[in-house]
Amino acid sequence: MKIVDNHVHTHFSSDAKDTMEDVIKRAVNIGVDCLTFTDHLEYNTDHFSLDIPKYTEQISKYKEKYSDDIELLTGIEVGYQSYLNKEINKILNSTKFDFVLCSTHTIDKIPVPHREYFEGLSKEEAYRKYFESILQTNKEFKNYDIYGHLDYINRYAIYEDNKVIYDDYRDILDEVLKTIIDGGKGIELNTSGYRYGLDAIHPNIDIVRRYKELGGEIITLGSDSHRAIDVCADFDKSYEMLDYLGFRYVSIFKNRKCEFIPIYQNIYHTA
């Protein structure tokens, strides 16, 4: 089996501390075949967070240094906000990325992890607003490959039960998934939910099952690691879920093109 982690952060992200080289060494030590760096592109008050020239330069340096040990790919996690559409597209179109992961971290300029987002809203109101934002993003922004952690909101919600119940949001979730599929995009299995004490992958199994029922095939695995020690954390649970749901491939992106990797064979199939 070819082991690939498609969602990894380094010290280039403000919420991660370990250096890129420490992350690489950890991946090599545990037998990872390929690592896609996806440091954050977020807009903080008056500037974007990522120093892209230094970031891409360092990845290129380590690609050469560790070429015999691991394959390294240049990705980015875009924290999309509608009013930044032109600026984000300009950045993506001027830099050669292998992979663009799109995520919803902020709505109406309020970070979802902040309590302020939930204040005055019922669980249904807060969650629907979040899913509607993802739907709107998919209607206006096409310059990405995979949508990240679709039920990310339940990491930070303030309700007695934060779980996303698919049947409670079936209408909007189906529209989100159909829009992703129709756009030729995919979703990720993000294992960080286990580290956040949710006892579930992002998105949860019911959403992933529905994605497959609707014809979704493109799916990546990502640890969303912000520490070197968490690279590929809980991937065994991801593979168990994929097998149970009948998925036979995971995806990887090179030069923004999707390649399918059979889960139980070390053979590439290119889309």
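Residues numbered from 1 in each chain as written. Predicted model: local features only at pLDDT ≥ 70, side-chain atom pairs only at ≥ 80, totals over all residues. Heavy atoms only, no water.

## Focus on the confidence of the model for the protein
Atom-level detail of predicted coordinates should not be read off regions where pLDDT is low.
Phase 1: Averaged over all residues, the pLDDT of the protein is 94; the fraction at 70 or higher stands at 97%.
Phase 2: This model gives residues 266-271 a pLDDT under 50, and the stretch forms 19 contacts once residues within four places in sequence are excluded. (pLDDT = per-residue confidence, 0-100. Contact = heavy atoms within 4.5 Å.)

## Some points on the sheet that holds strand 2 (residues 34-41)
Phase 1: Strand order in the open sheet made by the 7 strands is 1-2-5-6-9-10-11, with parallel pairing throughout. Looking along the sheet, the strands with just one partner apiece sit at the ends: strand 1 (4-8) and strand 11 (219-222).
Phase 2: Alignment of strand 2 against strand 5 (residues 71-79), held across 8 bridges, turns out to be parallel. Counted as the bridge partner of aspartate 39 is isoleucine 76 from strand 5.
Phase 3: Most of the contacts of helix 2 (residues 52-65) go to strand 5, to which it runs at about 160°, and overall it touches strand 2 and strand 5. (Pairing = 2+ DSSP bridges. Helix = DSSP H or I, 4+ residues; strand = E, 2+ residues; numbered from the N terminus. Axes fitted to C-alpha atoms, helices over the stretch in contact; angles between N-to-C directions.)

## Overview of the nonpolar core
Note that soluble globular proteins tend to have their nonpolar side chains buried in a common cluster.
Phase 1: Core analysis: the largest hydrophobic core is formed by 87 residues, its most contacted members being Leu35, Phe37, Ile76, Tyr127, Tyr130, Phe131 and Leu242.
Phase 2: When near neighbours in sequence (up to four residues on either side) are disregarded, tyrosine 127 contacts Ile153, Asn154, Ala157, Tyr159, Asn162, Lys163, Val164 and Tyr169. (Core = buried A, V, L, I, M, F, W, Y, C linked by side-chain atoms within 4.5 Å. Buried < 20%, exposed > 50% of the residue type's maximum accessible area, 1.4 Å probe, protein only.)

## Let's talk about the environment of lysine 163
Phase 1: Mapped onto the secondary structure, lysine 163 falls in the loop between strand 9 (146-147) and helix 6 (170-182).
Phase 2: Given the relative accessible area of 46%, lysine 163 is considered partly exposed.

## Focus on the packing of helix 5 (residues 123-140) against helix 6
Any two packed helices are characterised by how steeply their axes cross, that is the angle between the axes, and by the distance between the axes.
Phase 1: Close contact between helix 5 and helix 6 brings their axes to 9 Å; oriented N to C, the two are set at 20°. One finds that helix 5 runs roughly parallel with respect to helix 6. The hand of the helix 5/helix 6 crossing is left-handed. Residues Arg128, Phe131, Glu132, Ile134, Leu135, Asn138 and Lys139 of helix 5 lie in contact with helix 6, whose contacting residues are Asp171, Ile172, Leu173, Glu175, Val176, Thr179 and Ile180.
Phase 2: The class makeup of the residues in the contact of helix 5 with helix 6 is 7 nonpolar, 2 polar and 5 charged. (Parallel < 35°, antiparallel > 145°, perpendicular 65-115°, else oblique. Left-handed = near helix turned anticlockwise from the far one by under 90°. Nonpolar A, V, L, I, M, F, W, Y, C, P; charged D, E, K, R; others polar.)

## Some words on the pattern of salt bridges
Phase 1: Summed over the entire model, instances satisfying the criterion amount to 18 salt bridges.
Phase 2: In this structure, lysine 63 and aspartate 98 form a salt bridge, with 4.0 Å as the shortest nitrogen-oxygen distance. Of this pair, lysine 63 sits in helix 2 while aspartate 98 sits in the loop between helix 3 (85-94) and strand 6 (99-103), placing them 35 residues apart in sequence.
Phase 3: According to the relative accessible area criterion, aspartate 98 is buried, its value standing at 7%.
Phase 4: The partner of aspartate 108 in a salt bridge is lysine 129, with the nearest N and O atoms 3.4 Å apart. (Salt bridge = Lys/Arg side-chain N within 4 Å of Asp/Glu carboxyl O.)

## Here's the deal with the environment of arginine 195
Phase 1: Counting through the fold element by element, arginine 195 comes out in helix 7 (residues 192-195).
Phase 2: If near-sequence neighbours (up to four positions away) are discounted, arginine 195 is found in contact with Ser223, Asp224, Ser225, Asp230 and Ala233.

## Considerations on the packing of helix 6 against helix 8 (residues 205-213)
Phase 1: Running from amino to carboxyl end, helix 6 crosses helix 8 at an angle of 50°, the nearest separation of the two axes being 10 Å. It follows from the interaxial angle that helix 6 and helix 8 lie oblique. The element helix 6 and its partner helix 8 pack so that their crossing is right-handed. When helix 6 is examined against helix 8, the residues Leu173, Asp174, Leu177 and Ile181 are found in contact with a partner set consisting of Ile207, Arg210 and Tyr211.

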